[in-house]
Amino acid sequence: MPTYPGPVRIDLHTHSSVSDGTQPPAELVAAAADAGLDVVALTDHDTTAGWQQAGEAADALGLRLVRGMEVSCEAAGASVHLLSYLHDPTSPGLLAEIERSRESRVTRAMRIVERLGVDVPLTWQDVQEHIVEGATIGRPHIADALVARGLATDRGDAFAGLLSSRGSYYVPHYAPDAVEAVALVRQAGGVPVMAHPLARLRGRVVDDGVVEAMAAAGLAGLEVDHRDNAEADRAHLRRLARRLGLFTTGSSDYHGVGKDNRLGENTTEPEVLEEIWSRGHRSATG
Ligand code: AMP
Ligand code: ZN
Ligand code: FE
Ligand code: FE
């Protein structure tokens, strides 16, 4: 009788303190092992700075790491998040765009804090205390400062109130066009997957036409099983994926204690992982 391995548990979307998660990459990978995952992707916002540390931890713990990134994009006035797996991190086109986003995120965060500072006791200094050196700055860091100041109970509370994208303190940051970003990820040898395509609670979402344009530019998959996609929307996304020849993934979007999302709460099929692995750039699959 052949012996079969147990089920392989694959989570393809997590954040470390290199962006807005709360654990350093090595700790995140250890948490993934503790959660019973066999494969975990590190997908920090607009940076690959955690890849090395995560890779070393994964090797030490016998976990398979998928090197990834979540690119902040926009399309038709909506915010779009694009997961990029196994791209060459030195590819100039993609690198230039994420550098531009990361710089814009700094000035944008300062402007949000300026606006907030008119009404609540919050300074840029407060926010800086919550950012790891070199990390991609986001609203979650401002949220942490608001919590420390007693102006919000947790990140969720801050996002529901003072930091809402629909509120008067909100300031957007530069983000590349989603269709162009798909092309740049492909140019970098990466595998582009649209993150939480219908996360309606966060703000505006795009219609199918944008997904079609992204597919025409080389999009590979849709992240269907994600807590921010409602059940009815997931059914729609599965049909859309089938029609456009895209695979589907499931992931947690874990942010440590920064969000309720638990590691492995959604998972991806091994066949899909193999497809990602076979399409990825050699420099990132080692
Ligand atoms: P930003 O990229 O600076 O606009 O901030 C968006 C980030 O904040 C996303 O990566 C989310 O993971 C995080 N975020 C959005 N809503 C919430 C929430 N309700 N609680 C905690 N984090 C959130
Ligand atoms: Zn995040
Ligand atoms: Fe996202
Ligand atoms: Fe994310």
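This one's a predicted model, so the numbers in the text were calculated from it and none came from an experiment.

### Side note on the layout of surface pockets
In step 1: In this model, the largest pocket occupies a volume close to 1500 Å³.
In step 2: For the largest pocket, the lining is made up of 50 residues, of which R139, F159, R202, D228 and K259 are closest to its centre.
In step 3: At the level of secondary structure, the elements contributing two or more residues to the lining of the largest pocket comprise β3 (64–75), β4 (78–85), α3 (92–119), α5 (139–148) and α6 (155–160).
In step 4: In terms of residue class, the lining of the largest pocket is built from 17 nonpolar, 16 polar and 17 charged.

### With respect to the site of ligand 1
In step 1: As a matter of local geometry, ligand 1 sits amid 13 residues, with H45, R108, R139, H255 and K259 nearest to it.
In step 2: Here an oxygen atom of ligand 1 and a side-chain polar atom of R108 are 2.8 Å apart.
In step 3: Between ligand 1 and K259, the relevant distance is 3.0 Å, taken from an oxygen atom to a side-chain nitrogen or oxygen of the residue.
In step 4: Isolated, ligand 1 exposes 500 Å² of accessible area, and the fraction of that covered by the protein chains is 86%.
In step 5: Among the detected pockets, ligand 1 sits in the largest pocket.
In step 6: Mapped onto the shell around ligand 1, the elements with two or more residues apiece are α3, α5 and α6.

### Considering the coordination of the iron ion (ligand 4)
In step 1: Protein-derived ligands of the iron ion (ligand 4) are H13 (NE2), H15 (NE2), E70 (OE) and D253 (OD), with the metal-ligand distances lying across 2.0 to 2.3 Å.
In step 2: Relative to the metal, the four donor atoms surrounding the iron ion (ligand 4) lie at angles of 76 to 162 degrees, and the coordination shape comes out irregular.
In step 3: All donors to the iron ion (ligand 4) come from one chain, and their sequence spacing reads H-x1-H-x54-E-x182-D.
In step 4: Between the iron ion (ligand 4) and the zinc ion (ligand 2), a spacing of 4.5 Å is present. Of this pair, H15 sits in the loop between β1 (10–11) and α1 (25–34) while D253 sits in the loop between β7 (247–250) and α10 (270–279), placing them 238 residues apart in sequence. Neither H15 nor D253 differs from the other in exposure class; each is buried.

### Remarks on helix α2 (residues 51–61)
In step 1: Within the span of α2, buried status applies to W51, A54, G55, A57 and A58. Looking straight down α2, one finds its buried side chains confined to an arc of 165 degrees; they lie on one side. In α2, the exposed residues that point more than 90 degrees away from the buried face are Q52, D59 and A60.
In step 2: Against α1, β2 (39–42), β3 and α11 (282–285) lie the buried residues of α2.

How each quantity is defined
Residues numbered from 1 in each chain as written. Chains lettered and ligands numbered in written order. Predicted model: local features only at pLDDT ≥ 70, side-chain atom pairs only at ≥ 80, totals over all residues. Heavy atoms only, no water. 1 Å grid on protein atoms, 1.4 Å probe; cavity = no way out; pocket = protein on both sides within 12 Å on 5 of 7 lines; lining within 4 Å. Points joined across faces, edges and corners; volume = space filled by probe spheres on them. Helix = DSSP H or I, 4+ residues; strand = E, 2+ residues; numbered from the N terminus. Nonpolar A, V, L, I, M, F, W, Y, C, P; charged D, E, K, R; others polar. Near = heavy atom within 4 Å. Polar contact = N/O pair within 3.5 Å; in protein donor to acceptor, adjacent residues only side chain to side chain. Areas by Shrake-Rupley, 256 points an atom, 1.4 Å probe, with all protein chains shown as cover. Sits in = over half its atoms within 2 Å of the grid points. Donors = N, O, S within 2.8 Å, 3.2 Å for Na, K, Ca; no water. Tetrahedral: all angles 85-135°; square planar, octahedral: opposite > 155°, others 65-115°. Buried < 20%, exposed > 50% of the residue type's maximum accessible area, 1.4 Å probe, protein only. Arc of directions from axis to C-beta. Contact = heavy atoms within 4.5 Å.

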